Amino acid sequence: MRPERQSGEEAMDVVQARLPDPVPSPILRHSPSTSRSLRSVGDMPSVTFAGDMRSGSCRAESTASSFESFRRAGSRPQPVGAVARMPTRRSASERAGSQRDLRDEDARFVYVNDAARTNAPPAKFPDNSVTTTKYSVLTFIPRNLYEQFHRVAYVYFLILAALNQVPQLGVFSPVASVLPLAFVLGVTAVKDAYEDWRRHRSDKTENNRTASVLVDGVFQPKPWREIQVGELVRVVANETLPCDMVLVSTSDPTGVAYVQTINLDGESNLKTRYAKQETMSTPPEALAGLIKCEKPNRNIYGFLATVDLDGRRAVSLGTSNIMLRGCELKNTAWAIGVAVYTGRDTKVMLNNSGAPSKRSRLETHTNRETIVLAVVLTLLCTLVSLLAGIWLSDHSDELGVIPYFRKKDFSNPNEAEKYKWYGTGAQVVFTFMMAVIQFQVMIPIALFISMELVRVGQAYFMVQDEHMFDDKRQAKFQCRALNINEDLGQIKYVFSDKTGTLTENRMEFRCASVHGGDFSETDGGDADGHAVAADGVVLRPKTAVKTDPKLMAMLKDGTGAKADAARDFFLTLVTCNTIVPIIVDDDEDNDDPAAAAAKLVEYQGESPDEQALVYAAAAYGYTLVERTSGHIIIDVFGTRQRYGRRTHHLQILCFRLLFLFFWL
């Protein structure tokens, strides 16, 4: 195994030697060492995945090398100019995906930067347009009527309208009996048409958004709906991804990008995605190759593919190498990817089951009551028709002379004909129908007409309510489903899979226990945070945390084992995490000219617990200023310290084991 490993390292060195100069990352702009730290990629560390743990002898060898590197580096911070190098390792998802190969019949072949060849028949893929509407012009009337007649009351009223058309029942105005049902169906149809029109308008806006696509060697704006599989798409910071694409290059020299998947799975935390060094080494306009990936599926947490560049050895791709449609690019200046799934083949659209037909609890309860009343009405009418049949049998000899039931018409003196008589059986059926019309008020149609009008009125007043206007987004309240207005505020049970659902993923640092000492007296502490200076700009944490005066004094001027343990404690908090610092403007001090040079440091990461701990460390003087895939820079009471990836790799492992020990 060792000769193979050596050859792999030599190949990696060749790839790194061909990489272009790195592009400055936006999170480095306030660092005084930015200009000095931007070197060629040959001097920068390669991507390292913290979750990479091998089995058997590989695990033991990796652990031994980690301990050896930690022994050499020690716990002291490295100089600013020194950067440790580590070989590229694959993530766990990539290693799992490479364990089995895709068959050609189960795979999709995507030619990088060659959309015409990729979409050539018979493998023509759908365009990137999406449709979330429920109806079309041709299907609106039948499908809307089908959905409306899921209400049992409407079926009941339709039966009544049909009974009123029978001439033998003697209804004076059969047409007028249809008007109430037609009115309530029309009001509901107009309401549903308006809701679907808003979906159509939203789809049109989404499909007409523009993205930067590589055309003839130049990135040009192109509507989302025209993006094809195989094209190279470039996305800048805070933009939404137009399709599912494999990451091939980023502004970070090591190929790291951060995405926010709140539109996909509801998580507001940042996720890390990586571009392969093999694709990073080639300019986008010269990039060519073949991606063999799995066919579209609904699994948003899995991806299996390989990429073959210029006939070289295929490189495996995993979940960490794909960015899905609907995600937002964060904390990365730009990212370039090749589209592999578009339109209805994207994972977000495959998981979209369409606009649901929502039913409120009141409507569900009304359906049950309607069924019960219909059964009672049927029994009552059956009893009436049964009694009518008995009466007709007892007076069968007198029916010829009774005016209402007379069998013959004697108006013609020459011939007596039958007159309005269809037999006893038919008369019993007519009696049942007439009884239904007589007792139809048991289920009043006026009630359902009133309910539909009330829903429309409620939606209007909710939209026009000034107290529900969002000043931050300048947006009104939107009532997207008019059928569930009465369910507002009627919460009976709350099911939560974790505490973050109830706490909005907001965690606060309250106290700490260091070296057997309890530091929870934060009443007299400062809550303004600890500001640091960088390149003439004052950086202050966005979230302030109250501090313990005794602990703060110990960190500044304390001596002894307890003070050293406290410093190591906060040094571990600020380094052993996945938090990324982002420099933002202070919205509250925009009108103050003296605060123009002040900025806020916002910490974003995968866990709100880590955010709370890093904000607490910043309040106690340990401020995380910069993080890349190869090093981190922290400010300790005005002194800059730089830590390489290899230096704190073992610290993270020890911290997690220690945390697990105390947790158990």
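Being a predicted model, the structure only gives us computed values, none of them experimental.

Parameters and conventions
Residues numbered from 1 in each chain as written. Predicted model: local features only at pLDDT ≥ 70, side-chain atom pairs only at ≥ 80, totals over all residues. Heavy atoms only, no water. Patch = residues over 30% accessible without salt bridge, like charges linked within 9 Å, V, L, I, M, F, W, Y side chains within 5 Å. Areas by Shrake-Rupley, 256 points an atom, 1.4 Å probe, with all protein chains shown as cover. Salt bridge = Lys/Arg side-chain N within 4 Å of Asp/Glu carboxyl O. Helix = DSSP H or I, 4+ residues; strand = E, 2+ residues; numbered from the N terminus. Buried < 20%, exposed > 50% of the residue type's maximum accessible area, 1.4 Å probe, protein only. Expected span 1.5 Å × (residues − 1). Contact = heavy atoms within 4.5 Å. Pairing = 2+ DSSP bridges. Axes fitted to C-alpha atoms, helices over the stretch in contact; angles between N-to-C directions. Core = buried A, V, L, I, M, F, W, Y, C linked by side-chain atoms within 4.5 Å.

J.: Quick question: what am I supposed to make of a nonpolar patch on the surface here?
T.: Together, Leu383, Leu386, Leu387 and Ile390 line one region of the surface with nonpolar side chains, adding up to about 380 Å² of accessible area. Mapping Ile390 onto the fold places it in helix α12 (residues 361-394). A relative accessible area of 43% places Ile390 in the partly exposed class.

J.: Which parts of the structure should I look at to understand α12?
T.: Because each turn of an α-helix spans 3.6 residues, side chains separated by three or four positions end up pointing in the same direction. In this model α12 runs 50 Å from its N-terminal to its C-terminal C-alpha over 34 residues, within 8% of the 50 Å that 1.5 Å per residue would give. Every buried residue belonging to α12 is among Glu363, Thr366, Asn367, Thr370, Leu377, Cys381, Ser385, Ala388, Gly389 and Leu392, and all of these are buried. For α12, the elements touching its buried residues are α7 (152-163), α13 (424-438) and α14 (445-463).

J.: Could you clarify how one ought to interpret unusual backbone geometry in this entry?
T.: Trans is the prevailing form of peptide bonds, just as negative phi is the prevailing case for residues other than glycine. The omega torsion across Pro121 and Pro122 is 5 degrees, close enough to zero to call that bond cis. Tracing the backbone shows Pro122 in the loop between α5 (115-118) and α6 (140-148). One non-glycine residue with positive phi stands out, namely Asn113, at about 60 degrees. Its location among the elements puts Asn113 in the loop between β1 (107-112) and α5. Even without being a glycine, His515 presents a positive backbone phi close to 55 degrees. In this structure, His515 sits in the loop between β16 (512-514) and β17 (517-519). Taking the relative accessible area as the measure of exposure, His515 reaches 53% and is therefore exposed.

J.: Whenever I open this one, the pattern of salt bridges confuses me. Can you help?
T.: Side-chain pairs of opposite charge can arise where the charged atoms are in close proximity. If you walk through the whole model with that rule in mind, you get 18 salt bridges. Measuring nitrogen to oxygen at the nearest pair gives 3.1 Å for the salt bridge that ties Asp196 to Arg199. Residue Asp196 and its partner Arg199 are both found in helix α8 (residues 179-207); the two are separated by 3 residues, about one turn of the helix. Given a relative accessible area of 7%, Asp196 falls into the buried group. It is possible to trace a salt-bridge network through shared partners that takes in Arg151, Lys191, Glu363, Glu452 and Arg455.

J.: I would appreciate a short explanation of the sheet that holds strand β22 (residues 622-627) in the present structure.
T.: Within a beta sheet, neighbouring strands are joined by backbone hydrogen bonds and run either parallel or antiparallel to one another. If you trace the 3 strands from one edge of the open sheet to the other, you get β22-β23-β24, paired in antiparallel fashion. Sheet topology places β22 and β24 (639-644) at the edges, where each strand pairs with a single neighbour. Here the strands of the sheet are splayed against their neighbours by 25 degrees on average, with no regard to which way each runs. Relative to strand β23 (residues 631-636), β22 is paired through 5 bridges, and the arrangement is antiparallel. Across the sheet, the residue bridging to Thr623 is Asp635, located in β23. Its contacts with the sheet put helix α17 (residues 561-575) on β22, β23 and β24, and the angle it makes with β22 is roughly 30 degrees.

J.: Honestly, the nonpolar core in this entry has me stumped. Any pointers?
T.: Buried together is how nonpolar side chains tend to be arranged in soluble globular proteins. If you look at the biggest cluster of nonpolar residues, it comprises 43 residues, and the most contacted ones within it are Ile227, Leu232, Ile291, Phe303 and Val338. Residue contributions to this core peak at 6 residues, all from strand β13 (residues 334-341). Apart from residues lying up to four places away in sequence, Leu232 is in contact with Val112, Asn113, Ser212, Val213, Leu214, Phe219, Val248, Pro284, Leu287, Ile336, Gly337 and Val338. One finds Val532, Leu573, Tyr603 and Tyr622 within the second-largest nonpolar core, a separate group that totals 37 residues.

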